[in-house]
Amino acid sequence: METSRRTVIAAAAAAGITAATIGTAHASGGRKPEKELFGKLADGTKVHRWSLENGGTRLKVLSYGGIVQSLEIPDRHGRYKNVSLGFDTIEDYVAGSPYFGALIGRYGNRIAKGQFTLDGKSHQLSVNDGVNSLHGGTKGFDKHVWDVEGFTSGSDVGLVLHYTSIDGEMGYPGTLRAKVTYTLTRHGDWRVDYEATTDKATVVNLTSHVYWNLAGEGSGSIYDHELQIAAARYTPVDSGLIPTGELAKVAGTPFDFRRTKTVGRDIRVAHQQLLYGKGIDHNWALDKGITAKPQQVATLRDPSSGRTLKIATTEPGLQFYSGNFLDGTLVGTGGHIYRQGDALCLETQHFPDSPNHPSFPSTVLRPGQTYRTSTVHSFGP
């Protein structure tokens, strides 16, 4: 990333833009996190917005849901745009956000019928997606105000977010203490480190739900974005988007992104899995599996701007969602209506419905254990 940032700086200089203007890291390690009031919830609870800048990346995060409200990166000419979908007001997020930029928990993705059995005991979760539980239920981690603290560490800047989910919240057993660290590195990478502990056996699967459009939010379809995913298998789903339990080969299907291709190339192929999802809304079983350190698993590129996003993770799965349910009823930060295919999500995770599939990597967390996963987003022109 450091080499690509030098390229941006050189291009910007040729255009008469200063290094300071494009947010290059200073000797102190970047701009100290800044906090401002963003709004209030109906009960009077204050929601703050934190602004971070380092290595050419600008990030704004809300205490409500740990939401990434905007993430700005330069194109090949050093020109900035916000590449994540979001809203201008807290009222819009509360009224009906489709998880724009949010932290997801306790369980990212779907659990069939909102039910699972752990150590012989059955648990009924909050159901909010037909008969299924999605992203933690009706009031998941995305709908709570987190405790947030800013930090600087060497050349890095960032935020530490805390939320405690009490025993029984949304039907999940155990009091879960979650800690998420957002770090902007001197290279402009956005790193997310998740941690959690519990006092009872439970299941947990935390992720981030940023909607990406590398041409800029509100700029139109992402079908011309180029994507590569390092996975030879994916998890097919039923009509409710619940995995069948099969790990199917991507070869010969629209789900084969082992070699770079445009997002839209096969998205309208008459394939039953695409009909179920109204596009792509599936989990890829990453070739690398679970790793101790983040390994690169996906690359997204917008040819028009030259912006790229590389994702590295410790997680075994990647949920690729092609923005199928954006229906033209939401107006974003740039004043544009969001329509189907105007952004995509690449959610690093354990597999959907894992508590009901013993063959999937386990999402069980027990007292005395610490849940830890990490994902790194690297940007470049």
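See the structure printed just above.
Throughout, a residue's number is its position along its own chain's written sequence, starting from 1. Reporting of local features is limited, given that this is a predicted model, to residues whose pLDDT is at least 70; pairs of side-chain atoms are given and counted only at 80 or more, and all residues count toward the totals for whole chains, interfaces and linings. The side-chain quantities take in all heavy atoms of the structure and omit both hydrogens and water.

**Notes on the sheet that holds strand β5 (residues 80-82)**
Alright, step 1. Strand order in the open sheet formed by five strands is β1-β2-β3-β4-β5, with antiparallel pairing between adjacent strands. Either end of the sheet is taken by a strand with one partner, and the two such strands are β1 (31-40) and β5. With direction set aside, neighbouring strand axes in the sheet form an average angle of 15°. Being paired, for any two strands, means DSSP has found at least two bridges between them. Secondary structure elements are taken from DSSP: a helix is a run of H or I of four residues or more, a strand is a run of E of two residues or more, and numbering for both begins at the N terminus. Here, axes are lines fitted to C-alpha atoms. For helices the fit covers the stretch in contact, and angles between N-to-C directions go from 0 to 180 degrees.

**Remarks on the sheet that holds strand β14 (residues 190-198)**
Alright, step 1. Here nine strands make up an open sheet; going across it, the order is β11-β12-β13-β14-β29-β23-β22-β17-β20 and the pairing antiparallel. Here the strands that pair on one side only, and so sit at the sheet edges, are β11 (147-153) and β20 (261-262).

**Some points on the packing of aromatic side chains**
Alright, step 1. Pairing of aromatic side chains requires ring centres within 6.5 Å, counting the rings of Phe and Tyr and the six-membered ring of Trp. Pairs whose planes differ by under 30 degrees are stacked, by over 60 edge-to-face, and all others tilted. Tallying each qualifying case throughout the model produces 19 aromatic pairs.
Alright, step 2. Centre to centre, the rings of F100 and Y211 are 4.8 Å apart; their planes meet at 85°, and the pair counts as edge-to-face. Taken together, the residues span a long stretch of sequence, with F100 in the loop between α2 (90-96) and β6 (102-104) and Y211 in the loop between β16 (207-209) and β17 (226-229) at a distance of 111 residues.
Alright, step 3. Note on exposure labels: buried denotes an accessible area under 20% of the residue type's maximum, exposed denotes more than 50%, and partly exposed covers the range between, all computed with a 1.4 Å probe on protein chains only. Using a relative accessible area of 2% as the deciding quantity, one classes Y211 as buried.
Alright, step 4. Clustering of aromatic rings is evident, with ring pairs tying together F87, Y93, F100, Y211, Y321, F325 and Y338.

**What to know about unusual backbone geometry**
Alright, step 1. With an omega of 0°, the peptide bond running from G105 to R106 counts as cis.
Alright, step 2. Tracing the backbone shows R106 in the loop between β6 and β7 (110-111).
Alright, step 3. Here D353, not a glycine, exhibits a phi torsion of approximately 55°, which is positive.
Alright, step 4. Assignment of secondary structure puts D353 in the loop between β27 (345-349) and β28 (364-365).

**Topic: the environment of T185**
Alright, step 1. Looking at the element boundaries, T185 is found in the loop between β13 (176-184) and β14.
Alright, step 2. Taking the C-alpha atoms as reference points, T185 and F141, separated by 44 residues in sequence, lie 25 Å from one another.
Alright, step 3. Among all residues touching T185, those that are not within four sequence positions of it are N54, G55, S155 and D156. In this description, contact between two residues means that some pair of their heavy atoms is separated by no more than 4.5 Å.

**Comments concerning the environment of D43**
Alright, step 1. Inspection of the secondary structure puts D43 in the loop between β1 and β2 (46-54).
Alright, step 2. Placed 171 residues apart in sequence, D43 and L214 show a C-alpha to C-alpha distance of 36 Å.

**Looking at the nonpolar core**
Alright, step 1. The biggest cluster of nonpolar side chains holds 58 residues, and the ones touching the most others in it are Y182, W190, W284 and F320.
Alright, step 2. A total of five residues in this core trace back to one element, the largest contributor, which is β13.
Alright, step 3. The definition of a nonpolar core used throughout is a set of buried Ala, Val, Leu, Ile, Met, Phe, Trp, Tyr and Cys residues joined through side-chain atoms within 4.5 Å. Grouped together as the second largest cluster of nonpolar side chains are 22 residues, F38, Y93, I104 and L134 included.

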